[in-house]
Amino acid sequence: MDTASTGAYDDVRPAPRALATEAVHAGRDDLARQGLHAPPIDLSTTYPSYDSRGEAARIDAFAAEGADPVGPPVYGRLGNPTVARFETALARLEGTESAVAFASGMAALSAVLLARSATGLRHVVAVRPLYGCSDHLLTAGLLGTEVTWTDPAGITDALRPDTGLVMVESPANPTLAELDLRAVAHACGSVPLLADNTFATPVLQRPAEQGARLVLHSATKYLGGHGDVLAGVVACDEELAGRLRQIRFATGGVLHPLAGYLLLRGLSTLPVRVRAASANAAELARRLSADPRVARVRYPRLGGAMIAFEVHGDPHEVISRVRLVTPAVSLGSVDTLIQHPASISHRIVAAGDRQDAGVSDKLLRLSVGLEDVEDLWADLDRALGQQVRTPVPLGRAVG
């Protein structure tokens, strides 16, 4: 039997290992003793049980604390063995006790907000910029939450007795602004800090080590890494994970087993992909910074595979002229993607709020992939077009 659904990972938990090793082996530690090499995909929605008393006891335990049911699986909305493997692996990579996977990154964030609201803590303190849909979810109060936007220095003053969460993203989408997560966590006091770690991944930073109690990923991006899976995940302590499992069970935002399988497979190459794409991005950022057609380049001190840059000319023309680079939303795939945040990912954010957060109408966001850097630069160079020369005023000598 696939032991991923039984809590049996506890008796095969290895000694601490390097991240590259964990990426390959976490979530798979029990396979060899089962005579398996590749993780199985369990597509069952329900599971037979002749012990209804025992099944009732497991469901009661889940209802009380949201703990993973010990023993055979019960029902797909309660948990899935293949998805559990991915959750185990991601928790190991982020250095947390647990992780809970969802059907998308927004489903994961919604579950966190619902879990906090259910305890009467409906107020959220947040720092812009965030991913546009995260910003909209908070601003619109669609889940009954109320948000106070502030800069990092104002977090402590913004806290209220009903504050249930502080949310930040670093590096931020799309400006790549970076925060001192340790200082932010200190400012939160006893209020849980949620850090969106989608851009950095655990390869570049582990927010839980800096005081974040919840680490959010749009797993659609780097964790999957191939543009073929939609998913979200929250890495956190077991107490919060229990609440998130209960919300997932009640609302149905479950991750499909095939997606769980693809994510686990994606994690095995995550360190290699992130480091190779980051090397490409650093070189492209260097060239863009020296290009007179580019007004400003933002590249994180942390590194990574994302670049934000503003052009002197029309950013829409740049989008229209790329041929190797794909003009598309999303990021973190093996191929390079470019998009205009003010038109797409952050269009749903009010124009004034976008501008205040540094998301200008000239800004382009580049998710750098694994292509040869010279081919990427040739495409960007062509897309940027000819340099616009400033006309010389009449009567002035031309040197």
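By convention here, each chain's residues receive numbers from 1 onward along its written sequence. At least 70 in pLDDT is required for a residue's local features to be given in this predicted model, at least 80 for side-chain atom pairs to be given and counted, and no such filter applies to totals for whole chains, interfaces and linings, which use all residues. Just so you know, side-chain values use all the structure's heavy atoms and leave hydrogens and water out.

- If you look the chain up in an unreviewed UniProt entry, it shows as PLP-dependent transferase from Streptomyces misionensis.
- UniProt positions are given in the numbering used here, feature names are shortened, and annotations may be inferred rather than shown by experiment. Under Sequence similarities (unreviewed entry), UniProt gives the following word-for-word description of the chain: "Belongs to the trans-sulfuration enzymes family."
- Entered under Cofactor (unreviewed entry) in the UniProt record, the comment concerning the chain runs "pyridoxal 5'-phosphate".

Digging into the overall build of the chain
Here comes step 1: For the chain, the count of helices and strands is 14 helices and 12 strands.
Here comes step 2: Just to be clear, the radius of gyration here is over C-alpha atoms, and the globule rule we use is 2.2 Å times residues to the power 0.38. The globule rule puts the C-alpha radius of gyration for 399 residues at 21 Å, and the 23 Å found for the chain is close to it.
Here comes step 3: Oriented by its inertia axes, the alpha-carbon framework of the chain measures out at about 95 × 50 × 35 Å.
Here comes step 4: Here the analysis covers contacts within the chain between residues at least 6 apart in sequence; of these, 70% occur between residues at least 24 apart.
Here comes step 5: We get accessible surface area from the Shrake-Rupley algorithm with a probe of 1.4 Å; when it comes to residues, only the shown protein chains can shield them. Total accessible area computed for the chain in this model is approximately 17400 Å², and 55% of it derives from carbon and sulfur atoms. Strands are runs of DSSP state E lasting at least 2 residues, helices are runs of H or I lasting at least 4, and numbering of each runs from the N terminus. When checking whether two residues touch, look at their non-hydrogen atoms; a contact exists if any pair is within 4.5 Å.

Quick look at the UniProt feature "modified residue: N6-(pyridoxal phosphate)lysine" (unreviewed entry) in the chain
Here comes step 1: Under the UniProt annotation, "modified residue: N6-(pyridoxal phosphate)lysine" (unreviewed entry) lies at Lys221.
Here comes step 2: Once you skip the residues sitting within four places of it in the chain, lysine 221 turns out to touch Thr198, Ser330, Leu331 and Gly332.
Here comes step 3: Any N or O atom pair separated by 3.5 Å or less is treated as a polar contact, with the protein-specific requirement of one donor-capable and one acceptor-capable atom, and with residues adjacent in sequence counted only for side-chain atom pairs. For lysine 221, the side chain forms a polar contact with the side chain of serine 218, separated by 2.7 Å.

Quick word on the side chain of arginine 58
Here comes step 1: Residue placement: arginine 58 occurs in helix H2 (residues 52-65).
Here comes step 2: Buried charged residue arginine 58 carries no salt bridge. Nearest counter-charge: glutamate 55, at 4.0 Å.
Here comes step 3: The residues touching arginine 58, leaving out its near neighbours within four places in the chain, are Pro69, Val70, Gly71, Pro72 and Val74. Only protein chains enter the accessibility calculation, which uses a 1.4 Å probe; a residue is then buried when its area is under 20% of its type maximum, exposed when over 50%, and partly exposed in between. Charge counting treats Lys and Arg as positive and Asp and Glu as negative, with His and both chain ends excluded. The term salt bridge refers to a pairing of a side-chain nitrogen on Lys or Arg with a carboxyl oxygen on Asp or Glu at a separation within 4 Å.

A short note on the environment of proline 161
Here comes step 1: In this fold, proline 161 is placed in the loop between helix H6 (155-158) and strand S4 (163-169).
Here comes step 2: Between the alpha carbons of proline 161 and histidine 123 there is a distance of 8.8 Å; along the sequence they are 38 residues apart.

Digging into the sheet that holds strand S5 (residues 193-196)
Here comes step 1: Here seven strands make up an open sheet; going across it, the order is S1-S7-S6-S5-S4-S2-S3 and the pairing mixed. On the outer flanks of this sheet lie strand S1 (98-102) and strand S3 (146-149), each paired with one strand and no other. Strand-to-strand twist across the sheet, computed as the mean angle between neighbouring axes with direction ignored, equals 20 degrees.
Here comes step 2: By this definition, two strands are paired if DSSP reports at least two bridges between them. In this structure, S1 lies alongside strand S7 (residues 232-236), joined through five bridges in antiparallel fashion. Across the sheet, phenylalanine 102 pairs through a bridge with glycine 232, a residue of S7.
Here comes step 3: This element, helix H5 (residues 132-140), spans strand S2 (123-126), S3 and S4 of the sheet and lies at about 120 degrees to S3. For helices, the axis comes from a line fit to the C-alpha atoms of the stretch in contact; other axes are also lines fit to C-alpha atoms, and the angle between any two N-to-C directions lies between 0 and 180 degrees.

As for the pattern of salt bridges
Here comes step 1: Here the structure, examined in full by the defined rule, presents 23 salt bridges.
Here comes step 2: In this structure, arginine 17 and aspartate 29 form a salt bridge, with 3.3 Å as the shortest nitrogen-oxygen distance. Of the two residues, arginine 17 sits in the segment before helix H1 (19-25) while aspartate 29 sits in the loop between H1 and H2, which places them 12 residues apart along the sequence.
Here comes step 3: Residue classification places aspartate 29 among the partly exposed positions, given a relative accessible area of 22%.

Things to note about the packing of aromatic side chains
Here comes step 1: Two rings belonging to Phe, Tyr or Trp (six-membered ring only in the last case) form a pair when the distance between their centres is within 6.5 Å. Interplanar angles under 30 degrees mark stacking, angles over 60 mark edge-to-face geometry, and anything in between is tilted. In this structure the tally under the stated criterion is one aromatic pair.
Here comes step 2: Aromatic side chains phenylalanine 62 and phenylalanine 249 sit 5.6 Å apart centroid to centroid with 75 degrees between the ring planes, which places their arrangement in the edge-to-face category. A residue pair is termed long-range when its members are at least 10 positions apart, and phenylalanine 62 in helix H2 and phenylalanine 249 in helix H9 (residues 238-251) qualify at 187 residues.
Here comes step 3: Taking the relative accessible area as the measure of exposure, phenylalanine 62 reaches 4% and is therefore buried.
Here comes step 4: Charge-over-ring placement is defined geometrically: NZ (Lys) or CZ (Arg) within 6 Å of the ring centre, and within 35 degrees of the ring normal. Lying over the aromatic face of tryptophan 149, arginine 128 brings its terminal NZ or CZ to 3.9 Å of the ring centre.
Here comes step 5: Above the face of the tyrosine 131 ring, lysine 221 is positioned so that its terminal group lies 6.0 Å from the ring centre.

Details of the sheet that holds strand S12 (residues 363-367)
For sheets, the rule is that strands pair by backbone hydrogen bonds, running either parallel or antiparallel.
Here comes step 1: Strand order across the open sheet formed by five strands is S8-S9-S12-S11-S10, with mixed pairing between neighbours. Of all strands in the sheet, those with a lone pairing partner are strand S8 (294-298) and strand S10 (326-327), marking the two edges.
Here comes step 2: Note: strand S11 (residues 337-339) against S12, three bridges, orientation antiparallel. Across the sheet, residue glutamine 339 finds its bridge partner in S12, namely arginine 365.
Here comes step 3: Across the sheet, helix H11 (residues 270-289) is in contact with S8, strand S9 (306-311) and S12; its angle to S9 comes to roughly 15 degrees.

Notes on the packing of helix H4 (residues 105-117) against H5
Here comes step 1: Direction vectors running N to C along H4 and H5 enclose 30 degrees, while the axes themselves pass 11 Å from each other. Here H5 runs roughly parallel to H4, going by the angle between their axes. Note that H4 runs across H5; the crossing there is right-handed. Where H4 approaches H5, its residues Met106, Leu109, Ser110 and Leu113 are matched on the opposing element by Cys133, Ser134, Leu137 and Leu138.
Here comes step 2: When the residues that make up the contact of H4 with H5 are grouped by side-chain class, the tally is six nonpolar, two polar and no charged. Any angle that falls under 35 degrees is termed roughly parallel, while one over 145 is termed roughly antiparallel, one within 65 to 115 roughly perpendicular, and all others oblique. Each crossing gets its hand from how the near helix is turned against the far one by less than a right angle, where anticlockwise is left-handed and clockwise is right-handed. Think of it as three bins: nonpolar holds Ala, Val, Leu, Ile, Met, Phe, Trp, Tyr, Cys and Pro, charged holds Asp, Glu, Lys and Arg, and polar takes everything else, Gly as well.

Comments concerning the nonpolar core
Here comes step 1: The set of buried Ala, Val, Leu, Ile, Met, Phe, Trp, Tyr and Cys residues whose side-chain atoms join them within 4.5 Å is what this entry labels a nonpolar core. The biggest cluster of nonpolar side chains holds 37 residues, and the ones touching the most others in it are Phe86, Leu223, Val233, Leu255, Leu263 and Leu270.
Here comes step 2: Every element with two or more residues in this core is listed here: H1, helix H3 (81-94), S1, S7, helix H10 (257-268), H11 and S9.
Here comes step 3: The element contributing the most residues to this core is H3, with six residues.
Here comes step 4: Every residue in contact with phenylalanine 86, bar those within four places of it in the chain, is listed here: Ala101, Ala219, Leu223, Val233, Leu255, Gly260, Leu263, Leu264 and Leu267.
Here comes step 5: Counting residues in hydrophobic clusters, the runner-up holds 25 residues, among them Val112, Val147, Ala241 and Ile247.

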